[in-house]
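Single-letter residue listing:
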Amino acid sequence: MSHQPVIRLTGLVPVARGYERVVYVDPTDPDRVIKVLVPDADQGKGGRMRRAFARTFAGYRTYLIRKEYLEYLRLALCDPSGQAHLPITHMFGFVQTDIGLGCSSQFVRDPSGAPAPTWASLCKGNDIAHDHRAAMTDFARRMLDMNVRASDLRARNIVLGHRGLQGEPGPLEAVLVDGFGDTHVIPIRSWSRWANTQALHRRFVRLAKGGGLTWSRSDRTFI
Ligand SMILES: Nc1ncnc2c1ncn2[C@@H]1O[C@H](COP(=O)(O)OP(=O)(O)O)[C@@H](O)[C@H]1O
Ligand SMILES: [Mg+2]
């Protein structure tokens, strides 16, 4: 049996950090990131409430992450050719790193090669260009058409940039990197496409508002 080498991340500077995961560029492939779960003990950086929450509901975090991976698999299996233009980041699978199990995903970058900005940072910096708005519209339409379930569809989980395609940067697009999967106790969005569509439209209204835009439900466009 062949042995996969453990990828060494200790000593590397993460490109981004969420409450749950730390994000590193894969030292073996610049088109990929590796996301590693933040240990429960470090959750305190998110504040006292989060630390108490993480301690009390340690299993809940892994439940959320599991839902996310399952939703990726569900969507990917709708078109096993791998050619579907998913609005969520492609996940390549799991890798062993020296700081724990990592999830290998597509790296979404800006034209200079740096991590792409999130919709939240573009909104905050008043930096929304026409191309960003068009990318958000295209993203929203694919979310609706593919019936993606996303319980945490918020601005900081959407990045706007380019994914690597065979070594070349792809077109500008909005990509959901986190928060997909139906994590509701009563998974009505999974039972009913209609319910999921309503939930997505409500989220788009909120995402639009954050950027001073409007979500037109009839035209399925950010204006
Ligand atoms: N594939 C990616 N490409 C570029 N940036 C990413 C990618 N995934 C995550 N990020 C950045 O890292 C941040 C945290 O990642 P995320 O997956 O949301 O972690 P968490 O589960 O802790 O919220 C995101 O808000 C985003 O800025
Ligand atoms: Mg996040």
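Our subject is the structure that appears above.
Every value quoted in this text rests on a predicted model; they were computed, and no experiment measured them.

Caption draft 1: Representation of the overall build of the protein chain. Each helix and strand in the protein chain was counted, giving six helices and eleven strands. Its C-alpha radius of gyration of 18 Å places the protein chain within 12% of the 17 Å reference for a compact globule of 223 residues. With the C-alpha coordinates of the protein chain rotated into their principal frame, the extents come out at 55 × 45 × 40 Å. When the 223 residues of the protein chain are sorted by exposure, 30% land in the buried category. Considering only intrachain contacts with a sequence separation of at least 6, the fraction spanning at least 24 residues in the protein chain is 60%.

Caption draft 2: Examining the site of ligand 1 more closely. The immediate surroundings of ligand 1 are formed by 21 residues, with Ala16, Gly18, Glu20, Val177 and Asp178 found nearest. Of all elements in the fold, only strand E2 (21–25), strand E3 (32–37) and strand E5 (100–106) reach the threshold of two or more residues within the shell around ligand 1. Partitioning the shell around ligand 1 into residue classes produces ten nonpolar, six polar and five charged.

Caption draft 3: Examining helix H4 (residues 130–145) more closely. With 16 residues, H4 should reach 22 Å at 1.5 Å per residue; the first-to-last C-alpha distance of 23 Å fits that figure. For H4, the complete set of buried residues consists of Ala135, Met136, Thr137, Phe139, Ala140 and Met143. The inward-facing, buried residues of H4 abut strand E7 (158–165), strand E9 (173–176), helix H6 (193–210) and strand E11 (221–222). Phi for asparagine 147, located one or two positions after H4, is positive at around 55 degrees.

Caption draft 4: Region of interest: the pairing of E7. Here two bridges tie strand E6 (residues 108–109) to E7, and the two strands are oriented antiparallel to one another. What sits directly across from arginine 109, in E7, is histidine 162. Alignment of E7 against E9, held across four bridges, turns out to be antiparallel. Following the sheet pairing, valine 159 is matched in E9 by valine 175. Linking E7 back to strand E8 (residues 168–169) in an antiparallel pair, the connection comprises two residues, with glutamine 166 at a positive phi of about 45 degrees.

Caption draft 5: Representation of unusual backbone geometry. Its identity is not glycine, yet asparagine 126 carries a phi of approximately 55 degrees, on the positive side. Of note, asparagine 126 is situated in the loop between helix H3 (119–124) and H4.

Caption draft 6: Molecular detail of the nonpolar core. Ala174, Val175 and Leu176 are the most contacted members of the largest nonpolar core, which has 38 residues in total. Here the element with the most residues in this core is H4; it accounts for five residues. If near-sequence neighbours (up to four positions away) are discounted, leucine 176 is found in contact with Pro87, Ile88, Thr89, Ala150, Leu153, Asn157 and Ile158.

Each value, and the rule that gives it
Sequence order as written defines the numbering, with residues in each chain counted from 1. Written order decides the labels, with chains lettered from A and ligands numbered from 1. Confidence filtering applies because this is a predicted model: local features only for residues at pLDDT of at least 70, side-chain atom pairs given and counted only at 80 or more, and all residues used for totals across whole chains, interfaces and linings. Secondary structure follows DSSP: runs of H or I at least 4 residues long count as helices, runs of E at least 2 residues long count as strands, and numbering of each begins at the N terminus. When we talk radius of gyration, it's over C-alpha atoms, and the globule rule is simply 2.2 Å times the number of residues to the 0.38. Three exposure classes are used, based on other C-beta atoms lying within 10 Å of a residue's own C-beta, which is placed from the backbone: buried for 20 or more, exposed for 12 or fewer, and partly exposed in between. Two residues form a contact once the distance between their C-beta atoms, set from the backbone, is within 7 Å. Working rule for contacts: place C-beta from the backbone, and if it is within 6 Å of a molecule or strand, that residue counts as near it. Throughout this entry, Asp, Glu, Lys and Arg are counted as charged residues, while Ala, Val, Leu, Ile, Met, Phe, Trp, Tyr, Cys and Pro are counted as nonpolar. The remaining residues, Gly among them, count as polar. What a helix should span is 1.5 Å times the count of its residues minus one. A strand pair is defined by DSSP finding two or more bridges across the two strands. We define a nonpolar core as a collection of buried residues of the types Ala, Val, Leu, Ile, Met, Phe, Trp, Tyr and Cys that are connected via C-beta atoms lying within 7 Å of each other.

That's the geometry; what it means functionally is another story.
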